[in-house]
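Spelled out, the chains give:
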Amino acid sequence: MFFSFFKRKNKANLFTIAFYNLENLFDTINDSDTLDDDFTPKGEKKWTNNRYKKKLYKLSNTISQIGKHSSDIPPVLIGVAEVENKTVLTDLINSSHIESINYDYVHYDSPDERGIDTALIYHKDFFTVIASEPIPLFIENLNGERDMTRDILYVHGKLNDEEIHIFVNHWPSKREGNGETDYKRLYAANTLKSFMSKIEEKIDNPNYIIMGDFNDGPKADSIKSLLNTNALFNPSEKLLTYDRGSANYKRKWSLFDQIIISHNFLNYEKGTHSFTEANVFDKHFLTEFEGKFKGNPFRTYVGRKYIGGYSDHFPVFIQIKYNK
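This section reports on the structure supplied with the text. (Residues numbered from 1 in each chain as written. Predicted model: local features only at pLDDT ≥ 70, side-chain atom pairs only at ≥ 80, totals over all residues. Heavy atoms only, no water.)

Check the secondary structure of the chain and you find 4 helices and 19 strands. Relative to the globule expectation of 20 Å for 324 residues, the C-alpha radius of gyration of the chain, 19 Å, shows essentially globular dimensions. Oriented by its inertia axes, the alpha-carbon framework of the chain measures out at about 55 × 45 × 40 Å. Going through the 324 residues of the chain one by one, you find that 56% of them count as buried. Surface accessibility of the chain: about 14900 Å² in total, with carbon and sulfur atoms responsible for 48%. Across the chain, 42 positive and 45 negative side-chain charges occur, with their mean positions spaced 7 Å apart. (Helix = DSSP H or I, 4+ residues; strand = E, 2+ residues; numbered from the N terminus. Rg over C-alpha atoms; globule rule 2.2 N^0.38 Å. Buried < 20%, exposed > 50% of the residue type's maximum accessible area, 1.4 Å probe, protein only. Areas by Shrake-Rupley, 256 points an atom, 1.4 Å probe, with all protein chains shown as cover. Lys, Arg positive; Asp, Glu negative; His and termini not counted. Charge placed at Lys NZ, Arg CZ, Asp CG, Glu CD.)

Take the nonpolar core next. Of all hydrophobic cores here, the largest spans 66 residues; its most connected members are Leu 25, Ile 121, Ile 166 and Ile 209. The element contributing the most residues to this core is strand E2 (residues 14-25), with 7 residues. Setting aside anything within four residues of it in sequence, one finds Ile 166 in contact with Leu 77, Leu 120, Phe 127, Leu 153, Tyr 154, Val 155, Ile 209 and Met 211. Ranked by size, the runner-up nonpolar core spans 21 residues in total, among them Ile 135, Ala 189, Met 196 and Phe 214. (Core = buried A, V, L, I, M, F, W, Y, C linked by side-chain atoms within 4.5 Å. Contact = heavy atoms within 4.5 Å.)

For Asp 36, the position within the fold is in the loop between E2 and helix H1 (49-65). Despite its burial, Asp 36 pairs with no opposite charge, the nearest such side chain being Arg 114 at 10.0 Å. Residues in contact with Asp 36, not counting those within four places in the same chain, are Phe 26, Ile 29, Asn 30, Asp 31, Glu 84 and Arg 114. (Salt bridge = Lys/Arg side-chain N within 4 Å of Asp/Glu carboxyl O.)

Let's shift gears to the sheet that holds strand E15 (residues 257-262). Strand order in the open sheet made by the 6 strands is E6-E9-E10-E11-E15-E12, with mixed pairing throughout. Two strands bound the open sheet, and with one partner strand each, they are strand E6 (127-135) and strand E12 (232-233). In this sheet, E15 lies alongside strand E11 (residues 208-213) in antiparallel orientation, the contact comprising 5 bridges. Looking across to E15, one finds that Ile 210 is bridged to Ile 260. Packed onto the sheet, helix H3 (residues 182-202) meets E6, strand E9 (152-159), strand E10 (162-170), E11 and E12 and runs at close to 165 degrees relative to E10. Across the face of the sheet, helix H4 (residues 221-228) comes into contact with E11, E12 and E15 while running at roughly 10 degrees to E15. (Pairing = 2+ DSSP bridges. Axes fitted to C-alpha atoms, helices over the stretch in contact; angles between N-to-C directions.)

This part covers unusual backbone geometry. One can expect most non-glycine residues to show negative phi and most peptide bonds to be in trans. One non-glycine residue, Asn 160, adopts positive backbone phi at about 50 degrees. The phi torsion at Asn 205 lies on the positive side, around 50 degrees, for a residue other than glycine.

Within E9, 7 of the 8 residues are buried, which leaves the element mostly enclosed by the surrounding structure. Pairing geometry for E6 and E9, over 8 bridges, is antiparallel. Each residue of the ladder has a partner; that of Val 129, found in E9, is Gly 157. Both E9 and E10 contribute to a ladder of 7 bridges, which runs antiparallel. By the bridge assignment for E10, Lys 158 is matched with Glu 163. Between E9 and E10, which pair antiparallel one after the other, the connecting turn spans 2 residues, and Asn 160 there sits at a positive phi close to 50 degrees.

Listed below in structure tokens is the structure:
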């Protein structure tokens, strides 16, 4: 059910790092600069303040439980996708289940037409931000127009005083039944590799955590391209099976949500972190309880129909042990 590398040690030394596509976490206010009209009280989806608050409550409950089976510490890093702005991130970290945790976030507005971005939520007791920036993806559609897609978020920081370079991704989506958008995700992979090369010119063997909704599975060319030219390891490869993944479309599981790490995390050295586990957080409460979609992620909407769930994706996570 999960992929583990090292034997678990003291629960107080285990740290959880997660990624969660939040499925359209919008506020209820219309932004004239983005295509968010559906997510307003008078919009097609009738996105009311009550529905918004319920979603925040459910998402914060989920975040609070990731990794709890083996660690005493709530997730220290959570990459998120499909967040509209700083308002929803502030509301999320102040929601009931996680408001007592010393969370903050890094976020930049991206050029996405719908106004959805990536962000990194971090536990200030354990992680300190050194620097951050958005990495734009200058991708053209087949008609020559720019694809206004999400930036890659880069955050350089220290986790328990060990420097880590984090990338939060939400790569361009697929189109059903063909591969005509594959080049976009290959471009995203190449953009990321180019940025990493610049880091490697200044730092020997940097610690990388690359997380996101890549809109490609572990065996896709874009992910393979990323892994082939860097000292990276993808524990997510072991997680996708016929009856398990992070999202389900037309009764087929996918694992677009992945966390990739550098080989440094496979070693043991005092003052560093070592990889122990990778998993999909697919607890029963996050699933459809009955019907033909039983076991699938319990989403907020099906089309324009509100069903009041969490997200159309399960979170994924890894755990790392701090070597004292």
